[in-house]
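Commentary on secondary and tertiary structure
Chain residues, written in single-letter form:
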Amino acid sequence: MNPQTVMEERRGGTRQRVLIVEDEADIRELMRYNLEREGFVVEEAGDGAQALEKIRRRVPDLLLLDLMLPGTPGLEICRQMRAGRDTANLPILVVTAKGTEVDKVLGLEMGADDYVVKPFSPREVVARVKALLRRANPNAETDAAGVYERGRLRIDFGTYQVFVEGKRRELALREFELLKFFVQHPMRVYTREQLLDMVWGRDTFVEPRTVDVHVRRLRQHIERDDANPELILTVRSVGYRFNPEALG
Ligand code: CA
């Protein structure tokens, strides 16, 4: 056990749990070694059924999921996680083979949060795991007074005020609500229809391209260069996703 791990245990056992779902024992071993070295508690499952059983007993903080599994495929595990009440927001880092369609993995069909392509470097996986866990809890970046502050962006949810680099921006109410939704649901891809449902409400009769208009205006407010957005990203032929990593 390295000094950092020992220190974190003394601090009171707030170490985060990663469940590795992978049928190749040597890859599991390699990932376990690298994650434990960084202070994570690691559990392993060699197939889908084992994974689902372990998750049922205790939901981990993050799922590292190989898509190519014997029995229940990774795709199906992803779907079940998103459909489950306790696991709908469980961060999932998917391990894919070369040639998998990325939009499909991150998109609605699977709802994974990020992916790495085999063969991967353990260091890269550890970095992705950490980044995912950081952004998995957007509330961690919103303080008790309901203020989100990250990099150049500051949002006061109580007073509906938005500041970019300290300057107040005048957002229309719907633009504010769209921004709020993005901030509270980082990285996941949403279609225009889903955004309409969740931000405008199910019963409004607005066209999906209304979302594009609002995204365009929002980009003018918060992007450094709205012609090359880095916060609200377009996912071609799917929809949009919010990337808070660009805020630093
Ligand atoms: Ca495999």
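Calculation criteria
Residues numbered from 1 in each chain as written. Predicted model: local features only at pLDDT ≥ 70, side-chain atom pairs only at ≥ 80, totals over all residues. Heavy atoms only, no water. Donors = N, O, S within 2.8 Å, 3.2 Å for Na, K, Ca; no water. Buried < 20%, exposed > 50% of the residue type's maximum accessible area, 1.4 Å probe, protein only. Phe/Tyr/Trp six-rings, centres within 6.5 Å; stacked < 30°, edge-to-face > 60°. Helix = DSSP H or I, 4+ residues; strand = E, 2+ residues; numbered from the N terminus.

With that settled, consider the coordination of the calcium ion. Donor atoms from the polypeptide that coordinate the calcium ion comprise Asp23 (OD), Asp66 (OD) and Met68 (O), at 2.1 to 2.4 Å from the metal. If you list the donors of the calcium ion from N- to C-terminus, the spacing comes out as D-x42-D-x1-M. Given a relative accessible area of 2%, Asp66 falls into the buried group.

On to the packing of aromatic side chains. Pairs of aromatic rings are described using the distance from one ring centre to the other and the angle between the two planes. Considering all chains together, one arrives at four aromatic pairs under this definition. Here the aromatic rings of Phe157 and Phe176 are separated by 6.3 Å at their centres, their planes lie at 75 degrees, and the arrangement is edge-to-face. Of the two residues, Phe157 sits in the loop between strand E7 (153-156) and strand E8 (161-164) while Phe176 sits in helix H7 (residues 173-184), which places them 19 residues apart along the sequence. The pair Phe157 / Phe176 is uniform in exposure class, with both members buried. Ring centres of Tyr160 and Phe176 lie 4.7 Å apart, and the angle between their planes is 40 degrees; on these two criteria the pair is classed as tilted. Here Tyr160, found in the loop between E7 and E8, pairs with Phe176, found in helix H7; they are 16 residues apart in sequence, far enough to count as distant. Taking relative accessible area as the criterion, Tyr160 reaches 44% and is therefore assigned partly exposed. Among the aromatic residues, those joined into a cluster by ring pairs are Phe157, Tyr160 and Phe176.

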